[in-house]
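Overview (structure and organization)
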Amino acid sequence: MDLQTTALHAGYEKDTQGTMAVPIYMSTAYEFRDVEHAANLFSLKELGNIYTRLNNPTTDVFEKRFTELEGGEAAIATSSGMSAIFFAIANAAEAGDNIVCAKQLYGGSLTQTAHTFKRFGIESRYFDVQNPSEIEALIDEKTKVIFFESLTNPSIDVADIEAITAIANKHGILTVVDNTVATPVLCRPFEHGADVTVHSASKYTTGQGLAIGGILVERKGLIEKLRANPRYAHFNEPDASYHGLVYVDVGLPPFTLRTRLSLLRDIGAVSSPFNSWLFIQGLEHLSLRMKEHSKNALALAEFLEAHPKVKKVNYPGLKSNSNYKNAQKYFQDGLCSGLLSFEVDSLESATKIVNATELYSLVVNIGDSKSIITHPASTTHQQLTPDELDACGVPAGLVRISAGLESSSDLIADIKQALEA
Ligand code: PLP
């Protein structure tokens, strides 16, 4: 089925009222038919609703629809993109283990991996996403995840997904790909060997900056990689916290099953039914929006590249960009989403430009229908040291734009007057 058709129909069968819009099931809990039914649901002999921290009918439609869009097997909606990333890593690694991450990550993912997971005894080791050959030297028998973004925020690099997943597969290690900026419309990491994807649904999924949420998707057939894999004993041995359940033996997609039964149960960072409903609305026009965002971003990038005050433009849709080849290989029709950045000579110039724009909102978000401008070094990446900033490609003079859905001529006119003010 075509992606646009999937986005409108997958995962929903109309209820007895014939309701066209997916209903919002605002309910904390669900009545069991009797004690046996309750026992069957808890022991997974039957599948069904128990309590909204574990599952919810509206969220279920969002998870099913997103799974199909991504070409995966199952998904878990979460309360934020950060919790989706946390779950993906915590589901694979424990104290004493390590993970190998691209150093070009969203700022929150960098702090989560470098600082929060460190406090839990999980070490993060970093490689340059433009140089996957660095990965092998970082791997040992305690490596549980290789984590990277398909289209990096804010450095706007395109990962060579096949090169990275080939190394991971050679060592039987799980790959987790943050596909937020590309979205399933533009990039399908599972077709290139990835195991798990994560998204911040707060961005292009809602599309209008309406809600915080996330989603984690498991690829088809991941069970075979986990089964009898010594790196992932906890999927192959009885889980004492779930009356001895062995995740690879249940007959359900094991990575999302364990996320739900163990992590959602114990940590509870679940999507609210109302937010899941908003995400469903957003998915209906995601593929239409991504084409327009990409078109506007390319027009802006071409304008900025020709402007004398701009030192460098980062947009993979530009032929001059070092990521152009990867973008053509991994992105649908070479469309590169709405995120671009450009560098001017100093922090002062960058600040002046950001303050002088009128149409763009100074907001720490991306993927809104309204255009956004940000200065990463003073906002999202403020916690990073100057060395860390340079390492993840965020110099002080970098300005990031999330191109919205306004007309491209208005967007260009406003950035021109800001540059020349
Ligand atoms: N991943 C990427 C690529 C992001 O850009 C963001 C937020 O900007 C996140 C994850 C975190 O998502 P959330 O804000 O929904 O927690």
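Residues numbered from 1 in each chain as written. Predicted model: local features only at pLDDT ≥ 70, side-chain atom pairs only at ≥ 80, totals over all residues. Heavy atoms only, no water.

Evaluated as defined, the whole model comprises 10 aromatic pairs. Ring geometry for phenylalanine 32 against phenylalanine 42: centres 6.3 Å apart, planes inclined by 70°, an arrangement best described as edge-to-face. Highlighted residues: phenylalanine 32 in the loop between α1 (3-9) and α2 (35-42) and phenylalanine 42 in helix α2, separated in sequence by 10 residues. An aromatic cluster is present here, built from Phe86, Phe87, Phe117 and Phe120 joined pairwise through their rings. Residue placement shows arginine 258 over the ring face of phenylalanine 235; its charged tip is 5.8 Å from the ring centre. (Phe/Tyr/Trp six-rings, centres within 6.5 Å; stacked < 30°, edge-to-face > 60°. Helix = DSSP H or I, 4+ residues; strand = E, 2+ residues; numbered from the N terminus. Lys NZ or Arg CZ within 6 Å of the ring centre and 35° of its normal.)

Here we come to unusual backbone geometry. Cis geometry is adopted by the peptide bond preceding proline 154, which originates at asparagine 153 and carries an omega value of 5°. With respect to the secondary-structure elements, proline 154 resides in the loop between β4 (143-149) and α6 (161-170). For threonine 183, which is not glycine, the phi torsion reads 65° and is therefore positive. Within the secondary structure layout, threonine 183 lies in helix α7 (residues 183-186). Phi angles above zero are rare outside glycine, and alanine 228 is one such case at about 60°.

Its location among the elements puts glutamate 63 in helix α3 (residues 57-70). Taking the C-alpha atoms as reference points, glutamate 63 and phenylalanine 279, separated by 216 residues in sequence, lie 9.9 Å from one another. A distance of 3.1 Å separates the side chain of glutamate 63 from the side chain of arginine 260, its partner in a polar contact. (Polar contact = N/O pair within 3.5 Å; in protein donor to acceptor, adjacent residues only side chain to side chain.)

Now for the pattern of salt bridges. Applying the stated criterion to the full structure yields 18 salt bridges. One salt bridge in this structure joins lysine 64 and aspartate 60, with 2.7 Å as the shortest N-O distance. You can see lysine 64 and its partner aspartate 60 sitting in helix α3, 4 residues apart, about one turn around the helix. You can call lysine 64 partly exposed: its relative accessible area is 41%. For aspartate 60, a relative accessible area of 29% translates into the label partly exposed. Note that aspartate 140 is salt-bridged to arginine 125, the shortest N-O span being 3.1 Å. In this pair, aspartate 140 sits in the loop between β3 (123-127) and β4 while arginine 125 sits in strand β3, placing the two residues 15 residues apart along the sequence. A relative accessible area of 25% places aspartate 140 in the partly exposed class. One salt-bridge network, in which partners are shared between bridges, spans Glu123, Arg125 and Asp140. (Salt bridge = Lys/Arg side-chain N within 4 Å of Asp/Glu carboxyl O. Buried < 20%, exposed > 50% of the residue type's maximum accessible area, 1.4 Å probe, protein only.)

Turning our eyes to something else, we now look at the sheet that holds strand β10 (residues 361-362). Pairing between sheet strands relies on hydrogen bonds along the backbone, with the strands arranged either parallel or antiparallel. With respect to topology, 5 strands assemble into an open sheet ordered β8-β9-β12-β11-β10, the strand pairing being mixed. Two strands lie at the open edges of the sheet, namely β8 (312-314) and β10, each paired on one side alone. Docked against the sheet, helix α12 (residues 286-305) engages β8, β9 (339-343) and β12 (398-402), running at close to 10° with respect to β9. (Pairing = 2+ DSSP bridges. Contact = heavy atoms within 4.5 Å. Axes fitted to C-alpha atoms, helices over the stretch in contact; angles between N-to-C directions.)

Turning to the sheet that holds strand β7 (residues 214-218), a few remarks are in order. What the 7 strands build is an open sheet, ordered β1-β7-β6-β5-β4-β2-β3; its pairing is mixed. The sheet is open, and its two edges are formed by β1 (74-78) and β3, each paired on a single side. In this sheet, adjacent strand axes meet at a mean angle of 20° when their direction is disregarded. For strand β6 (residues 196-200) and β7, the ladder comprises 5 bridges, and the chain directions are antiparallel. Bridging across to β7, histidine 199 finds its partner in isoleucine 215. Along the sheet face, helix α4 (residues 81-90) touches β1, β2 (98-102), β4, β5 (174-178), β6 and β7 and points at about 160° away from the line of β6. Strand contacts of α6: β3, β4 and β5, with the helix running at about 175° to β4, the strand carrying the most contacts.

To continue, consider the domain arrangement of the protein. Partitioning the protein into structural domains gives domain 1 (3-281) and domain 2 (287-420). Measuring from the centre of the C-alpha atoms in domain 1 to the corresponding centre in domain 2 gives 28 Å. Listed as interface residues are 39 residues of domain 1 and, on the opposing side, 42 residues of domain 2. Of the roughly 3100 Å² buried between domain 1 and domain 2, counting both surfaces, carbon and sulfur atoms make up 60%. (Domains from an automatic or database assignment. Buried area = accessible area lost by both parts, 1.4 Å probe.)

On to the nonpolar core, then. Counting residues in each nonpolar core, the largest one holds 120 residues, and the members touching the most others are Ile146 and Phe342. For this core, the domains that each give at least three residues are domain 1 (3-281) and domain 2 (287-420). (Core = buried A, V, L, I, M, F, W, Y, C linked by side-chain atoms within 4.5 Å.)

Around the ligand sit 14 residues, and of these Gly81, Asn153, Asp178, Ser200 and Ser202 come closest. The separation between an oxygen atom of the ligand and a polar main-chain atom of glycine 81 is 2.8 Å. Here the ligand, which alone exposes 390 Å², has 93% of that area covered by the protein. The dominant element in the shell around the ligand, judged by the number of residues it contributes, is α4, at 3 residues. Considering only residue class, the shell around the ligand consists of 4 nonpolar, 7 polar and 3 charged. (Near = heavy atom within 4 Å. Areas by Shrake-Rupley, 256 points an atom, 1.4 Å probe, with all protein chains shown as cover. Nonpolar A, V, L, I, M, F, W, Y, C, P; charged D, E, K, R; others polar.)

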